[in-house]
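# Geometric and topological summary
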Amino acid sequence: LGYTLSLAVWIPTSGWLGDRVGTKRTFMFALSVFTLGSALCGLAQSLEQLVAFRVVQGIGGGMLTPVGMAMLFRAFPPAERARASSIIMVPTLFAPALGPVLRALLTEYLDWRWIFYVNLPIAMVAIWFGFTYLREHREPSAGRLDVAGFFLSAGALALLVYALEQGSLEGWGSPEIAITAAIGLACAVAMVLVELRIPFPMIDLRLLNNRIFRQCNVVSLCSMAGFIGVTFVLPLYLQNIRGLDPLESGLTTFPQAFGVMASAFVAGRIYAAVGPRRMMSVGLALAAATIVLLTRIEPDTSLWYIRTVIFLRGMCMGFAFLPMQAASYATIPPSQNGRASSLFSTQRQVSVSIGVAVMASILTAHMPFDR
């Protein structure tokens, strides 16, 4: 939870920071902090230390994706962004599928600390690559730090994410959750009022006046919540109902990653000819059909049936996510890519929390975890 809350605080800041300080400097700083946090997590000697070091890790993680996406879309013209997105989407959606498998292998055959240590060699290569090949970019119109926007956005997102993630566990009627959500909503309303009145806001909500950007964010919010929700609940079925160990469960859900990889490269090639609206509509409609197939599984359903369906689901979501991401920035001026990326990443983080909260609430209502 500490990592998630840290992400919620720093994701909105990353766009302004990249524009003001420089995208390369910000990206390299974020990558270095994430690497340091990973090393410290592996060295933690208590739960309190681990939580604190996860917060440090989240500071770097919160800035990496928005700044990286802004750099990507500045480097490629609109006609080539779909193919570029097909490459960057593979690790983005591949990681959630690979994570459970790798985590199970590391904890079973090595030690839980290697969950964090495994980041270090990869991060060191990334740091070398970044210093060697990345180009610096600053925006003269970045403006000064929006102090009010920083604190209001941090408070709103952190409190709302906390309420979403803890509400299903403590109960939505819990006074703590109700107060946290109310304060978070108040901060969100205040943030909107403040950010719309100043010339250089931390979160540029005026970007939502762009019809394509607004529509893609709404579709992304709903589709990502559904994608993460199923990804969250399926391992619970496999481990709690079927009795699979974490490694077997991870290998059963892993084909989804291959489905995403297979469709992402095809989607990048046909994006210009087919168009984002058709691709997203067909991809999401077929993904909904795979959800219907998953509702038919029983305690003795063949694991190969589940693997096949989850592979098809990955293919369908790949055809939806790639045009969604590419089209979001299609009409955004390069000078606003940093702020747009922060806004898009903020929406995605909220969607993840919503997806997990909804599925966890349904499970808690119909299948209490203490059984």
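Use the structure listed above.
Let us look at the structure shown here. Going along each chain's sequence as written, the residues are numbered from 1 onward. In keeping with the predicted nature of the model, local features appear solely for residues at pLDDT of at least 70, side-chain atom pairs appear and are counted solely at 80 or more, and the whole-chain, interface and lining totals rest on all residues. Only hydrogens and water are set aside when side-chain values are computed; all heavy atoms of the structure are taken into account.

### Looking at the nonpolar core
The test is simple: Here, nonpolar core means buried Ala, Val, Leu, Ile, Met, Phe, Trp, Tyr and Cys residues that are tied together by side-chain atoms lying within 4.5 Å of each other. Each residue gets one of three labels from its accessible area relative to the maximum for its type: buried under 20%, exposed over 50%, partly exposed in between, using a 1.4 Å probe on protein chains only. Helical segments are the DSSP runs of H or I of at least four residues, strand segments are the runs of E of at least two, and each set is numbered from the N terminus. Between two residues, a contact is recorded if the distance between any of their heavy atoms is within 4.5 Å.
With 34 residues, the main nonpolar core has Phe27, Leu64, Ile203, Leu207, Phe213, Ala340 and Leu343 as its most contacted residues. Elements that contribute at least two residues to this core include exactly helix H1 (2–21), helix H2 (23–43), helix H3 (47–75), helix H7 (147–170) and helix H14 (337–366). Counting residues per element, this core draws most heavily on H3, at seven residues. For Phe27, the residues in contact, after removing those within four places along its chain, are Leu64, Val67, Gly68, Met71 and Leu134. If you look at the next biggest cluster of nonpolar residues, it comprises 16 residues, including Cys216, Met224, Ala267 and Cys316.

### Structural notes on a nonpolar patch on the surface
Put simply, the rule is: Only residues whose relative accessible area exceeds 30% and that take part in no salt bridge are eligible for patches, with like-charged residues grouped when within 9 Å of each other and nonpolar side chains (Val, Leu, Ile, Met, Phe, Trp, Tyr) grouped when within 5 Å. To measure how exposed things are, a 1.4 Å probe is used in the Shrake-Rupley method; for residues, cover is taken only from the protein chains shown. Every case where a carboxyl oxygen of Asp or Glu lies within 4 Å of a side-chain nitrogen of Lys or Arg is listed as a salt bridge.
The grouping of Leu105, Tyr109, Leu110 and Trp114 at the surface amounts to a nonpolar patch, some 440 Å² of accessible area in total. Secondary-structure assignment places Leu110 in the loop between helix H4 (81–109) and helix H5 (114–117). Its relative accessible area of 52% is what places Leu110 among the exposed residues.

### Side note on the side chain of Gln57
Here Gln57 is to be found in helix H3. Residue Gln57 is classed as buried on the basis of its relative accessible area, which comes to 1%. Apart from the residues lying within four places of it in its own chain, the contact partners of Gln57 are Tyr3, Phe34, Gly37, Ser38, Cys41, Phe116 and Asn119.

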